[in-house]
Amino acid sequence: MDESLSQLLEEFLLEARERAARVEHALLDLEDSLPDQRALLLERARRELHTLKGNAGMLGLGGPQRLAHRLEDMVEGLAPVAPEVAPVLDELDRLRLELAELASGAGGAAPGEPDSWLRVAPARLDELMAAVAEGLTHRHRLALAVGHGRQLDPGDPGFAERSADAWEAAGEALHALEVDLRRLEEEVQGLRMVPLRTLFAPLRRIVSDGARQTGKRARLLTGGGEATLDRSLVGLAGDALGHLVRNTVLHGIETPAERQRRGKSAAGTVAVQAAVEGDLVRLTVEDDGAGLDRDGLRDAARRLGVEETRLDDLHTLVFLPGLTTRRAADLGAGRGIGLAAVLEAARAAGGGVEVASEPGRGTRFTLSLPLQVTLTRVLRVAADGREYALPVRAVVDTARRPGGDGGGSTVEWRGHRLPVLDLGQALGTSVTPRRDGYLAVVGAEGRVRGLLVDQLVGLQQVVVSDLDEVAGRPAGIGGTTVLGDGRVLLILDPTTLTTLEVATR
């Protein structure tokens, strides 16, 4: 394909995706709008479709052009009093599929993929280029200072003074270069961050479709959309929110008749809230439905052979693979896969999921993800002569191991007994648990546990790398990083460490 035509096609696909989203928003707004607002919403949808149709025609894209024209007619035929938008939404899905196939055939990514497109304001590019230019200048200054120092003759009478001058010049250039690198880091990281409100838009459709499928009524409330997340995690977060919201509508929200019998409004509420806490983004999905069926979950767990001692752990029951309270699967749910997949994906990204539920009042899921995946602050710890990196976001406290605890499986911490895990014993570098050293208290998914180590080395910001596929994913390890001296450290996985069981000898 000609390069200029390929560029036009990419721009059309990006714009078409955005216009399709605006059409969907207008159609969904019809359900909750007042009669005098509906005419404006319908006109907005028609205008977007008409423009999309015209742009497709200019590029000779007959398929999208015909679908947009048909959608125009369908929107034109919607009744202003009680519009039935479901068939129009289904046709809009066909248009999106046509756009995705078009992008795939042209060798590009589908327009719905969050990592497919990145719009950068020219001013941001100017800032990046300015930082690069300054960095090159300071690198040149550093090279000159180092070169000058190398040329000095230790036998010259003024060697000491000139050597000190060269070191001072090199130090100043190095400091300026570090400032430029930090500036570049911030600018590039800013380009990677995506507002979470971009993830909220598809959730309205999920709520609408789920309610229509089950004969329920539900509305979506969102907050905290200005919070940002690393774009490499946007797909994961979007999929996870989709699973959680769909599960809430299908399982949590009651039918209108049942809600009214319980003294509730006929329409249920699904609230999605985002908030940044330290190095984490927390995404909360909460409903005002019936709450989790604990007895049904326990019965389903027994059918899967789960031990009786684990049947009171709500977290274990909800996220157990293959567990479902439904006797048969349908198009929406019933195979017990969705929530288990959410947990697995969150943990793989260095996050986790917590759940809380109250009978008759509703359920709350909290998805935690790191703000960034390439850079993170860690606490370096040592055990049995080996160093490890522990993500700071999971560290609750650090302390010298309390004396007189006898080396047992718990220690005294903040007025109660805290379960502990000997890091060396867990990772196979020691046979017996250590009786002294330091305690790093970590928390994940509502669990808190102390890690026993020999030394707390210090804090550092590191670049995170995934484990090699050949190595798999050993229990307790989440990734690797390379230090400035070339040493490779294993990055610990706090979520696994809070639940890891170690056989004692």
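Student: For this particular structure, what's the right way to read the overall build of the protein?
Tutor: Helix and strand content of the protein: 14 helices and 17 strands. The burial tally for the protein puts 42% of its 505 residues in the buried class. Of all intrachain contacts in the protein linking residues separated by at least 6 positions in sequence, the fraction that spans at least 24 positions is 65%. Carbon and sulfur atoms make up 52% of the accessible area of the protein, which totals about 26200 Å².

Student: Quick question: what am I supposed to make of a negative patch on the surface here?
Tutor: A cluster of acidic side chains, namely E161, D165, E168 and E172, defines a negative patch on the protein surface. Take E168: it is sitting in helix 6 (residues 159-192).

Student: Looking at this structure, I do not really get the sheet that holds strand 9 (residues 386-391). What am I missing?
Tutor: Whether parallel or antiparallel, the strands of a sheet pair through hydrogen bonds between backbone atoms. The five strands lie next to each other as 15-8-9-17-16, forming an open sheet whose pairing is mixed. If you trace the sheet from one side to the other, it starts and ends with strand 15 (455-463) and strand 16 (477-482), each paired once. Sheet twist, expressed as the mean angle between neighbouring strand axes with direction ignored, is 35°. Pairing analysis gives six bridges linking strand 8 (residues 375-383) to strand 9, with the strands arranged antiparallel. Paired with V378 across the bridge in strand 9 is P391.

Student: Would you explain the pattern of salt bridges in this entry?
Tutor: Two side chains bearing opposite charge may form a pair once their charged atoms approach each other closely. In this structure the tally under the stated criterion is 38 salt bridges. Between R96 and D93 there is a salt bridge, and its shortest N-O distance comes to 4.0 Å. Of this pair, R96 and D93 both sit in helix 4 (residues 86-105), three residues apart, which is roughly one turn of the helix. Owing to a relative accessible area of 31%, D93 belongs among the partly exposed residues under this scheme. Through salt bridges with shared partners, a single ionic network connects E24, D93, R96, R205, D209 and R212.

Student: How should I be thinking about the pairing of strand 8 in this particular structure?
Tutor: Each regular strand carries side chains that alternate between the two faces of the sheet. Most of strand 8 is tucked away: eight of the nine residues are buried. Turn length for the strand 8-strand 9 hairpin, with the two strands adjacent in sequence and antiparallel, is two residues, and the turn residue D384 shows positive phi of about 55°.

Student: Just checking my understanding: could you explain the side chain of E72 for this structure?
Tutor: With respect to the element layout, E72 can be found in helix 3 (residues 62-76). On the basis of relative accessibility, which here comes to 14%, the residue E72 falls in the buried class. Those residues in contact with E72 that lie beyond four places of it in its chain are R46, L49, H50 and K53.

Student: Help me out: how do you make sense of the packing of aromatic side chains in this one?
Tutor: Geometrically, a pair of aromatic rings is defined through the distance of the ring centres and the angle of the planes. Applying the stated rule across the entire model yields one aromatic pair. Across from the ring centre of Y438, 4.6 Å away, lies the NZ or CZ of R400, which sits over that ring.

Student: Before we go on, may I ask you to explain the confidence of the model for the protein in this structure?
Tutor: Any region with low pLDDT has predicted coordinates that should not be read closely. On average, residues of the protein carry a pLDDT of 84, and 90% of them reach 70 or more. Long-range and interchain partners of residues 109-115, a stretch whose pLDDT sits below 50, account for 18 contacts in this model, where long-range means more than four residues apart. A low-confidence stretch, residues 327-337 (pLDDT under 50), is modelled with 21 contacts involving residues beyond four sequence positions or located in other chains.

Student: Can you walk me through helix 3 in this structure?
Tutor: For an α-helix, 3.6 residues make a turn, and residues three or four places apart therefore share a direction. Taking 1.5 Å per residue, 15 residues should reach 21 Å; helix 3 reaches 21 Å between its end C-alpha atoms and fits that length. Turning to helix 3, its buried residues are G63, P64, L67, A68, L71, E72, M74 and V75.

Student: Can you walk me through helix 6 in this structure?
Tutor: In a regular helix each residue adds 1.5 Å, so 34 residues correspond to 50 Å; helix 6 covers 48 Å between its end C-alpha atoms and thus fits that length. Those residues of helix 6 that sit buried are S163, A166, A170, A173, A176, L177, D180, E187, Q189 and L191. Taken together, the buried residues of helix 6 touch helix 5 (122-151), strand 1 (193-195) and strand 3 (228-230).

Student: Would you mind showing me how to read the environment of E226 here?
Tutor: Looking at the element boundaries, E226 is found in the loop between strand 2 (218-223) and strand 3. Exposure remark for E226: the relative accessible area of 62% places this residue in the exposed category.

Student: Mind showing me how you'd approach the packing of helix 5 against helix 6 here?
Tutor: A packed helix pair is summarised by two numbers, namely the angle formed by the two axes and the spacing between the axes. Viewed as axis vectors pointing N to C, helix 5 and helix 6 meet at an angle of 160°, and their least axial separation amounts to 8 Å. As judged from the angle between their axes, helix 5 and helix 6 are roughly antiparallel. The two elements helix 5 and helix 6 meet at a crossing, and its hand is left-handed. A class-by-class count of the residues in the contact of helix 5 with helix 6 yields 16 nonpolar, five polar and nine charged.

Student: Teacher, can you tell me more about the side chain of R380 here?
Tutor: With respect to the helices and strands, the residue R380 is situated in strand 8. R380 gets classed as buried once you look at its relative accessible area, which sits at 14%. Ignoring sequence-local partners within four residues, the contact set of R380 consists of E387, Y388, Q455, L456, V457, G458, Q460, L483, R487 and L489.

Student: Please clarify how the sheet that holds strand 7 (residues 362-370) should be interpreted in this entry.
Tutor: Spatially, 2-4-5-7-6 is the arrangement adopted by the five strands of the open sheet, whose pairing is mixed. Strands at the two margins of the open sheet, each flanked by one partner only, are strand 2 and strand 6 (352-358). Shown here is a sheet whose adjacent strand axes are inclined to one another by a mean of 15°, direction ignored. Of the pairings in the sheet, the one linking strand 4 (residues 268-277) to strand 5 (residues 280-287) comprises eight bridges and is antiparallel in character. Following the sheet pairing, V276 is matched in strand 5 by V281. The sheet strands contacting helix 7 (residues 197-214) are strand 2 and strand 4, and the helix crosses strand 2 at an angle near 165°.

Student: What's the story with the packing of helix 2 (residues 35-58) against helix 3 in this structure? I'm lost.
Tutor: Interaxial distance between helix 2 and helix 3 falls to 8 Å at its minimum, and their mutual angle equals 160°. It follows from the interaxial angle that helix 2 and helix 3 lie roughly antiparallel. As helix 2 runs across helix 3, the sense of the crossing is left-handed. The residues of helix 3 that touch helix 2, namely those facing L42, A45, R46, L49, H50, L52, K53, A56 and G57, are P64, Q65, A68, H69, L71, E72, V75 and E76. Classifying every residue of the contact of helix 2 with helix 3 by side-chain character gives nine nonpolar, four polar and four charged.

Conventions we followed
- Residues numbered from 1 in each chain as written.
- Predicted model: local features only at pLDDT ≥ 70, side-chain atom pairs only at ≥ 80, totals over all residues.
- Heavy atoms only, no water.
- Helix = DSSP H or I, 4+ residues; strand = E, 2+ residues; numbered from the N terminus.
- Buried < 20%, exposed > 50% of the residue type's maximum accessible area, 1.4 Å probe, protein only.
- Contact = heavy atoms within 4.5 Å.
- Areas by Shrake-Rupley, 256 points an atom, 1.4 Å probe, with all protein chains shown as cover.
- Patch = residues over 30% accessible without salt bridge, like charges linked within 9 Å, V, L, I, M, F, W, Y side chains within 5 Å.
- Salt bridge = Lys/Arg side-chain N within 4 Å of Asp/Glu carboxyl O.
- Lys, Arg positive; Asp, Glu negative; His and termini not counted.
- Charge placed at Lys NZ, Arg CZ, Asp CG, Glu CD.
- Pairing = 2+ DSSP bridges.
- Axes fitted to C-alpha atoms, helices over the stretch in contact; angles between N-to-C directions.
- Phe/Tyr/Trp six-rings, centres within 6.5 Å; stacked < 30°, edge-to-face > 60°.
- Lys NZ or Arg CZ within 6 Å of the ring centre and 35° of its normal.
- pLDDT = per-residue confidence, 0-100.
- Expected span 1.5 Å × (residues − 1).
- Parallel < 35°, antiparallel > 145°, perpendicular 65-115°, else oblique.
- Left-handed = near helix turned anticlockwise from the far one by under 90°.
- Nonpolar A, V, L, I, M, F, W, Y, C, P; charged D, E, K, R; others polar.

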